[in-house]
Amino acid sequence: MAGYLDRIGAGLVLKDVEPLSFDFTPLELVGRDDKILDLASIFSTIISPETSCNALITGPVGSGKTALAKVFAKDIKDNYSRKRNISFLHINCRNHSTTPQVLHRIITSLEPRYPVRGLSSSEVLSSIRKILRNSNKHLLVILDEVNYILRKEGNDILYNLLRIDEDKDGQGTLSLILISQEEILNSLEGAVISRLGAGNHLRFSSYGRDGLFEIAKQRAELSLFKGSYDNEILNLIADSASIMGDARNVLHLIEGSAKNAEKEGRKHILPKDVQSISSKEVKAVEPHIIDSLRPHAQLLLLAICRRLKKETEITSGDAEQLYHVVCEEYNQSPKGHTTLWKYLKDLELKDLLTSKYGAVPQGRGRTQILTMPNILPSDLINRLESSLNRQYGI
């Protein structure tokens, strides 16, 4: 058998790729405890007969809107089945962007062979209600990326779904969760806002670094072999993804770094595996940025890069010690602590470094911790050494 085929199904690091899919819904949601509590408050009466609840969730891509809605809907269905027969359906309006498509998706989820050909939208809507009432079932519909259908057809579909029980016997047939990347309140008619509930709007912001770390930890546990990564790798992934605050970047970084490790025949992920993926997510460092640095700022950056080529982070104290070593290599007298601190701040302002404060490794107190999540240190090492060699005639 050809040698390259040994790579197929090797499974050195990656045990299951499914948890790294954008469409994967975890059993438990992490990083959004406050928002799921808010949604639970809005839906506090959902288990009561003859009751409907509605919510609007908006926020940037990768902020956990869809995952939260799906986890919440599944939890409601599984935990309150004895009190109310609740089912849920997720519809992506990017793929189902017309009223007939949405209604067809709803009715066929209830009765897969229901004959909808030739029926008007109002007739399909009446059939949906009849099926739900006859089966004593409540349906929670999640309309994801609802801005697509609003842009194409206006408010009619929302208005009709929200008033499905109007002027009829019995209430509480259907509930709605609307999801959009855009702020769509200005696109909604007053009658829709009134039925939806103006106070039932959850606004999501991008994930913070801590939330991204929790997501990285959860998905790594599900998708990677134990021992193939450690917390330093997860921290590096969280640091890199925190620039955009997008949970999807976490998934991309885990899968990419795992495949990089497997490509080299290793059973564990190294910092360079993450950095090589992360560095593709941002613009490359232009040569003039390196050339514009003061010579001793370049010496300091070179010292840091050499350590970060092997490790995920370095303390400011270790960076200063390694800087002294590099100064000796280039036969230069080191600058003082205050000057180096200024250089570090300048490097951070130029997006060459990321810093945070954390516990001193194997000691007490707190110190400045430096990382380079979106730049490949080995690339900078070559540029820095070339620049310094020119300046010092080496």
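What comes next is a walk through the structure.

Quick notes on the rules
Residues numbered from 1 in each chain as written. Predicted model: local features only at pLDDT ≥ 70, side-chain atom pairs only at ≥ 80, totals over all residues. Heavy atoms only, no water. Helix = DSSP H or I, 4+ residues; strand = E, 2+ residues; numbered from the N terminus. Rg over C-alpha atoms; globule rule 2.2 N^0.38 Å. Buried < 20%, exposed > 50% of the residue type's maximum accessible area, 1.4 Å probe, protein only. Contact = heavy atoms within 4.5 Å. Areas by Shrake-Rupley, 256 points an atom, 1.4 Å probe, with all protein chains shown as cover. Axes fitted to C-alpha atoms, helices over the stretch in contact; angles between N-to-C directions. Parallel < 35°, antiparallel > 145°, perpendicular 65-115°, else oblique. Left-handed = near helix turned anticlockwise from the far one by under 90°. Nonpolar A, V, L, I, M, F, W, Y, C, P; charged D, E, K, R; others polar. Polar contact = N/O pair within 3.5 Å; in protein donor to acceptor, adjacent residues only side chain to side chain. Pairing = 2+ DSSP bridges. Expected span 1.5 Å × (residues − 1).

**Regarding the overall build of the protein**
Then comes step 1: Looking only at helices and strands, one finds 16 helices and eight strands in the protein.
Then comes step 2: In terms of overall dimensions, the protein is more spread out than a globule: its C-alpha atoms have a radius of gyration of 27 Å, far above the 21 Å expected for 394 residues.
Then comes step 3: Out of the 394 residues in the protein, the part that is buried amounts to 46%.
Then comes step 4: Excluding contacts between residues fewer than 6 apart, the proportion of contacts in the protein whose partners are at least 24 apart in sequence is 74%.
Then comes step 5: Accessible surface, the protein: about 20,200 Å² in total, of which carbon and sulfur atoms supply 47%.

**Examining the packing of helix H9 (residues 231-241) against helix H10 (residues 247-263)**
Then comes step 1: With their axes 9 Å apart at the nearest point, H9 and H10 run at an angle of 135° to one another. Here H10 runs oblique to H9, going by the angle between their axes. The handedness of the crossing between H9 and H10 comes out as right-handed. For the pair formed by H9 and H10, the contact residues are Ile237, Ser240 and Ala241 on the first element and Asn249, Val250, Leu253 and Ile254 on the second.
Then comes step 2: Within the contact of H9 with H10, the residues separate by chemical class into five nonpolar, two polar and no charged.

**Here we look at H9**
Then comes step 1: The buried fraction of H9 amounts to nine of the eleven residues, a majority that puts the element mostly inside the structure.
Then comes step 2: Among the residues of H9, those classed as buried are Ile233, Leu234, Asn235, Leu236, Ile237, Ala238, Asp239, Ser240 and Ala241.
Then comes step 3: One side-chain oxygen at the N-terminal end of H9 lies 3.1 Å from the backbone nitrogen of Glu232; it belongs to Asp230.

**Describing the side chain of Gln298**
Then comes step 1: Inspection of the secondary structure puts Gln298 in helix H13 (residues 295-308).
Then comes step 2: Within the structure, the side chain of Gln298 is placed 3.0 Å from the backbone oxygen of Ile290, a separation counted as a polar contact.

**Some points on the pairing of strand E2 (residues 86-92)**
On any regular strand, side chains alternate: one points to one face of the sheet, the next to the other face.
Then comes step 1: Of all seven residues in E2, six are buried; the element is thus mostly enclosed.
Then comes step 2: Pairing analysis gives seven bridges linking E2 to strand E3 (residues 138-144), with the strands arranged parallel. Following the sheet pairing, Ile91 is matched in E3 by Leu143.

**A short note on the sheet that holds strand E5 (residues 201-203)**
Then comes step 1: If you trace the five strands from one edge of the open sheet to the other, you get E2-E3-E4-E1-E5, paired in parallel fashion. Bordering the open sheet on either side are E2 and E5, each of which pairs with just one other strand. Between one strand and the next, the sheet's axes are offset by a mean angle of 15°, whatever the strand orientation.
Then comes step 2: As paired elements, strand E1 (residues 54-58) and E5 share three bridges and run parallel to each other. Note that in E5 the partner of Leu56 across the bridge is His201.
Then comes step 3: Across the face of the sheet, helix H1 (residues 33-42) comes into contact with E1, strand E4 (174-180) and E5 while running at roughly 175° to E5.
Then comes step 4: Its contacts with the sheet put helix H3 (residues 99-110) on E2 and E3, and the angle it makes with E2 is roughly 145°.

**Observations concerning the packing of helix H8 (residues 209-223) against H9**
Then comes step 1: In contact at an axis separation of 8 Å, H8 and H9 are set at 130° when each is read in the N-to-C sense. One element, H8, and the other, H9, form an angle in the oblique class. For H8 against H9, the interelement crossing comes out right-handed. Where H8 abuts H9, its residues Arg209, Leu212, Phe213, Ala216, Lys217 and Ala220 lie against Asn231, Leu234, Asn235, Ile237, Ala238, Asp239 and Ala241.
Then comes step 2: The residue inventory of the contact of H8 with H9, partitioned by class, reads eight nonpolar, two polar and three charged.

**Concerning unusual backbone geometry**
Among all residues except glycine, the phi angle is most often negative; among peptide bonds, the trans geometry is most common.
Then comes step 1: One non-glycine residue with positive phi stands out, namely Glu50, at about 65°.
Then comes step 2: Along the chain, the position of Glu50 falls in the loop between H1 and E1.
Then comes step 3: By relative accessible area, which is 43% here, Glu50 ends up partly exposed.
Then comes step 4: Of note, the phi angle at Asn136 is positive, near 55°, even though the residue is not glycine.

**Quick notes on H13**
Then comes step 1: The end-to-end C-alpha distance of H13, which contains 14 residues, comes to 20 Å, matching closely the 20 Å that a straight helix rising 1.5 Å per residue would cover.
Then comes step 2: For H13, every residue scored as buried is listed here: His296, Ala297, Gln298, Leu299, Leu300, Leu301, Leu302, Ala303, Ile304, Cys305 and Leu308.

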